[in-house]
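Understanding the architecture of this molecule
Single-letter residue listing:
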Amino acid sequence: MEGVLSSFPHQNCFRPFSVNPNMPPFTILRSGFFTQKLQRHYPPITHNNINGDALVKPEEESDDGDWELEFLGELDPLGFQAPKKTKKKLKSRLLKDTEDMDWCVRARKVALKSIEARGLTPKMEDLITVKKKKNKNKKKAQKLNKKTQKIEPDFGGYDSEEELLDTDFVDDGFDLRREVSMLAGGTLHEKRERTMEDFVHKLSQFSGPSDRRKEINLNKEMIEAQTAEQVLEVTADTVMAVAKGLSPSPLTPLNIATALHRIAKNMEKVSMMETHRLAFARKREMSMLVGLAMTALPECSAQGISNISWALSKIGGELLYLSEMDRVAEVALTKVGEFNSQNVANVAGAFASMKHSAPALFSELSKRASDIVHTFQEQEIAQVLWAFASLFEPAEPLFESLDNVFRDASQVRCCLNKDKLERNEEISAENSGDSGLDGPVLSFSRDQLGSITWSYAVLGQMDRSFFSLMWRTLTHFEGQRISEQYREDIMFASQVHLANQCLKLEYPHLQLSLGKKLEEKIARGGKTKRFNQKVTSSFQKEVGRLLVSTGLDWVREYDVDGYTVDAVLVDKKVALEIDGPTHFSRNSLLPLGHTMVKRRYITAVGWKVVSLSHQEWEELQGEFEQLEHLRKILKDCLD
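Here is what the cut-offs are and how they apply
- Note on numbering: residues in each chain are counted from 1, in written sequence order.
- Confidence filtering applies because this is a predicted model: local features only for residues at pLDDT of at least 70, side-chain atom pairs given and counted only at 80 or more, and all residues used for totals across whole chains, interfaces and linings.
- The basis for every side-chain value is the complete set of non-hydrogen atoms in the structure, without hydrogens or water.
- Runs of E in the DSSP output that reach at least two residues are strands. Runs of H or I that reach at least four are helices, and both are numbered from the N terminus.
- For a helix, the expected span equals 1.5 Å multiplied by the number of residues minus one.
- Under the scheme applied here, a residue whose accessible area is under 20% of the maximum for its type counts as buried, over 50% as exposed, and between as partly exposed, the area being computed with a 1.4 Å probe on protein chains only.
- By arc we mean the arc of the directions from the helix axis to the C-beta atoms, nothing more.
- In what follows, residue pairs with any heavy atoms lying within 4.5 Å of each other are defined as contacts.
- Residues enter a nonpolar core if they are buried and are Ala, Val, Leu, Ile, Met, Phe, Trp, Tyr or Cys, with the set joined through side-chain atoms within 4.5 Å.
- pLDDT is a per-residue confidence score from the predictor, ranging from 0 to 100.
- When a carboxyl oxygen of Asp or Glu lies within 4 Å of a side-chain nitrogen of Lys or Arg, that pair is called a salt bridge.

**Some words on helix 19 (residues 359-371)**
With 13 residues, helix 19 should cover 18 Å at 1.5 Å per step; its first-to-last C-alpha distance of 19 Å lies within 8% of that length. Within helix 19, burial applies to Leu361, Phe362, Leu365, Ser366, Ala369 and Ser370. Projection of helix 19 onto a plane perpendicular to its axis shows the buried side chains occupying an angular sector of 170°, all on one side. Its buried side turned inward, helix 19 meets helix 17 (322-335), helix 18 (341-353), helix 20 (378-390) and helix 21 (396-405).

See below:
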């Protein structure tokens, strides 16, 4: 017995347990007798050595050695308990002796060395290691909740919806955690899915009992909100309240459409920059609102569809809401018969401004517009025609109706001053019934006339009687000064200049070209580069570099009657147009109106036009294929 006892260090003699401050306490080891659940509820125990200094644990190894620490009992394998934070201190001289006391740890280390010697380390690592779920940093979310004091929905035990949506389960540890959750009284995964289904179901219930007072109050709050952020905040609060259990829901299709419309309206009011709009559109609350709008779209009225499409075009521009606009086109096609003149103009204008092609919808919009053309206001006519021309969509029924309704020159007036224009519109509305004319009387502004004439030129419909009426009113602008300092003047001048060039080239028999004095003024303003500076893209530079390899005498940035052609062979009259994404519809990749009229005009003046699109260029691999493709498309023109 004496020999056995002498094998232990003299500091580690066994003594009866008693509370003695001068005696170093035992080190409590974690073993299988202490479950993880019990350990989570007890505060950590700190141990001091004889000098009162805290015992220093060895530094944690890298991630590759975590399984060894778990095997030694120094790391929580299931990830339920946060790792203990230890301060680095100098090791005391008694540390070696205290480590020798832990004979169990020593035994485990001996076993660990034996495992490594036998080459069983990978199997032990797979057996012991459990991938941990990253802890979420909830301090920021909790601070925000206290500050705003918003109503939060019940997400099945999770602190936030973001945690519920972003939680990823690892396959290795999922079964174990599911068993633990079942012991706790339910499966977390199934409960999470069920909670989200209930959440979406509550928000998408647009039929059934309703509270008219709540709906009106919510609509009033949205209208009274002064900024886009305020409208979104009011809507988000209501969404959270509905998810929490507010019933009946005031989120009707009308209020959802109103929310989007007011957000876009407030953005327009402050002229919000495009980058800020895109950042706003990517907010989680905004994405949820747009998703609700797509769900509620079949239940919306014609005005609601019009408001949603207009709002999406103002918020997302040409870059966002591709699938959403396809959804709008699909639903609008079923309700186009209910559209009024404003709805037709807003929906067509929204698709055109986003460069989103919808041939089936525009075909029905043209028919609907022709049926109610007598109800259109001046701005609505200009906007609808511009939309059809921008997307290069045919509008034969609309052109026929305009020719039939507006036959007399007295039905079309021109006004330079905005105040006079509004006054003339009121007078026209009052006297249209007593004027003795078959159709309405309209007073157009200068910019509206420029847009209408450009639309007819793009679509090649300049032999129409309605265009003739519009064009003749331009003589009223002969004495007006067109300044090169204002974008509006340059835009008007460029549109009229294009229409005048098309008249002289394609319709000389109509003898409608402008007088010499006005033509010079328009041409000077239309050709200015103040607001139309040429920017060479990387695509154009890449193609231009390969054109040198063809061995032909190419001239870059060549001017043809006001149009700038990317590259030409002057002696062979070959014009190469290098068309980037701005020349095509974003979904169908069909050429837009301004691209088609440019090709048509350059062809009419005697050039052979060859178009190279960025879509076909991106499919080519390497300079060899690209050069071969250039030679192939130029072959017919050079023979």
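The discussion continues.
**Side note on the nonpolar core**
Core analysis: the largest hydrophobic core is formed by 115 residues, its most contacted members being Ile263, Met286 and Phe351. Per element, the largest residue contribution to this core is eight residues, and it comes from helix 15 (residues 284-296). Not counting residues within four places of it along the chain, the set of residues in contact with Phe351 comprises Met325, Val328, Ala329, His356, Ala358, Leu361, Phe362 and Leu391. Core analysis: the second largest hydrophobic core is formed by 17 residues, Phe539, Trp554, Leu569 and Trp617 among them.

**Let's talk about the confidence of the model for the protein chain**
Looking at the protein chain as a whole, its pLDDT mean stands at 76, while 62% of the residues score no less than 70. Looking across the protein chain, the model is least confident in helix 8 (residues 161-166), with a mean pLDDT of 40, and most confident in helix 18, with 97. Here residues 146-174 is modelled with pLDDT under 50, and outside its nearest four sequence neighbours on either side it reaches 46 contacts, counting other chains as well. For residues 180-185, every residue scores under 50 in pLDDT, and the model assigns this stretch four contacts once sequence neighbours within four places are set aside.

**Some thoughts on the pattern of salt bridges**
Scanning the model with the defined rule gives 14 salt bridges in all. Two residues, Glu364 and Lys367, come together in a salt bridge whose shortest N-O distance is 3.7 Å. Pair noted here: Glu364 and Lys367 are both in helix 19, with a separation of three residues, about one helical turn. Judged by relative accessible area, Glu364 falls into the partly exposed class, the value being 28%. One salt bridge in this structure joins Arg446 and Asp447, with 3.3 Å as the shortest N-O distance. Here the salt bridges do not stand alone but share partners, grouping Glu396, Glu400, Asp403 and Arg464 into one network.

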